[in-house]
Amino acid sequence: MSNENLIYRKATVKDTNDIFRLYKAQGKIPGTLARDEAEITKKYVEAFTLQSLKNSTQFVAVNLMQNNLVVGEIHGYKLEPKSFNHVLSNLSVVVHPAYQGKGVGKRLFETFLQNITQNRADILRVELIVRESNAKAIKLYESLGFKAEGRFERRIRSADNQLEADIPMAWFNPKFRRAE
């Protein structure tokens, strides 16, 4: 599975079924997503896709050699109320298990953050939350410029039924411009 066969582009509504299959595949692996496979419904995926597309903040990695199969996805969306209008939150990234460890997640993040920098001067903060046991993800996020902002102790149940901390992290857009 060569990365040469992958393209990174903005998602469309037409990608929803592939994104749903992607999340279901990842959800089979305990402890990788906050939701397990049974909790990942078509309605859930449609809801975050529509919310993210409204803000132009959803991207996919597509394998051209596998009938344009979506093998990775990243999204985030603005918070409500208006006082949080400068924040993109609920950031999630999923890479198909067969494509993990090959730089797909990093490239999705780079594409996403580059889009924010170049096209979204209205966004100051991009927020995510990662479980403390996911040291590989934390290292990746730090390499992309995210900073840890604390700990939510005993917030998430791990695959082995233990409670662990969630780590909130944020990245700041260097080209943010306050709306006049």
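Everything quoted here is computed from the prediction, not taken from an experiment.

### Focus: the nonpolar core
Okay, step 1: In this structure, Phe109, Phe112, Val126 and Phe146 are the most contacted members of the largest nonpolar core, which totals 28 residues.
Okay, step 2: Elements with a contribution of two residues or more to this core: strand S1 (6-10), strand S2 (58-63), strand S3 (69-78), strand S4 (87-95), helix H3 (104-119), strand S5 (125-131), helix H4 (135-143) and strand S8 (163-172).
Okay, step 3: In terms of residue count, the dominant contributor to this core is H3 (six residues).
Okay, step 4: Leave out the neighbours within four places in its chain, and Phe112 touches Thr57, Phe59, Ile74, His75, Gly76, Leu88, Leu91 and Val126.

### With respect to unusual backbone geometry
Okay, step 1: Residue Pro81 is reached from Glu80 by a cis peptide bond, and omega for that bond is 10°.
Okay, step 2: Relative to the helices and strands, Pro81 is located in the loop between S3 and S4.
Okay, step 3: If you check the backbone angles, Asn68 has positive phi at about 60° while not being a glycine.
Okay, step 4: The residue Asn68 is located in the loop between S2 and S3 in this model.
Okay, step 5: Within the chain, Asn161 stands out as a residue other than glycine whose phi angle is a positive 70°.

### Details of the layout of surface pockets
Okay, step 1: Approximately 1400 Å³ is the volume found for the largest pocket.
Okay, step 2: Lining the largest pocket are 48 residues; nearest its centre among them are Thr32, Leu33, Val93, Asn134 and Tyr141.
Okay, step 3: Top contributing element to the lining of the largest pocket by residue count: S4, with seven residues.
Okay, step 4: A breakdown of the residues in the lining of the largest pocket according to their chemical character gives 24 nonpolar, 13 polar and eleven charged.
Okay, step 5: When its volume is computed, the second largest pocket comes out at roughly 210 Å³.
Okay, step 6: Taken together, Lys78, Asn85, His86, Asp122, Leu124, Phe176, Arg177, Arg178 and Ala179 make up the lining of the second largest pocket.

### Let's talk about the environment of Leu79
Okay, step 1: Looking at the secondary structure, you find Leu79 in the loop between S3 and S4.
Okay, step 2: When residues no more than four places from it in sequence are discounted, the contact partners of Leu79 are Phe84, Val87, Ser89, Asn90 and Glu127.

Rules of the game
Counting restarts for each chain, with residues numbered from 1 along the sequence as it is written. Local features in this predicted model are restricted to residues of pLDDT 70 or higher, and side-chain atom pairs are both shown and tallied only at a pLDDT of 80 or more, whereas totals for entire chains, interfaces and linings draw on every residue. Values reported for side chains reflect all heavy atoms of the structure, with hydrogen atoms and water molecules removed beforehand. Residues grouped as a nonpolar core are buried Ala, Val, Leu, Ile, Met, Phe, Trp, Tyr and Cys residues, joined through side-chain atoms within 4.5 Å. Any residue under 20% of the maximum accessible area for its type is buried, any over 50% is exposed, and the rest in between are partly exposed; the area is computed with a 1.4 Å probe on protein chains only. Secondary structure elements follow DSSP: runs of H or I of four or more residues count as helices, runs of E of two or more count as strands, with numbering from the N terminus. Here, residues are in contact when the closest pair of their heavy atoms is within 4.5 Å. Space inside and on the surface of the protein is sampled on a 1 Å grid over the protein atoms alone, with a cavity defined as a set of points where a 1.4 Å probe fits but cannot get out and a pocket as an open set with protein on both sides within 12 Å along at least 5 of 7 lines; lining residues have an atom within 4 Å of a point. Grid points are joined across faces, edges and corners, and a volume is the space filled by probe spheres set on the points. Asp, Glu, Lys and Arg are counted as charged, while Ala, Val, Leu, Ile, Met, Phe, Trp, Tyr, Cys and Pro are counted as nonpolar; the rest, among them Gly, fall into the polar class.

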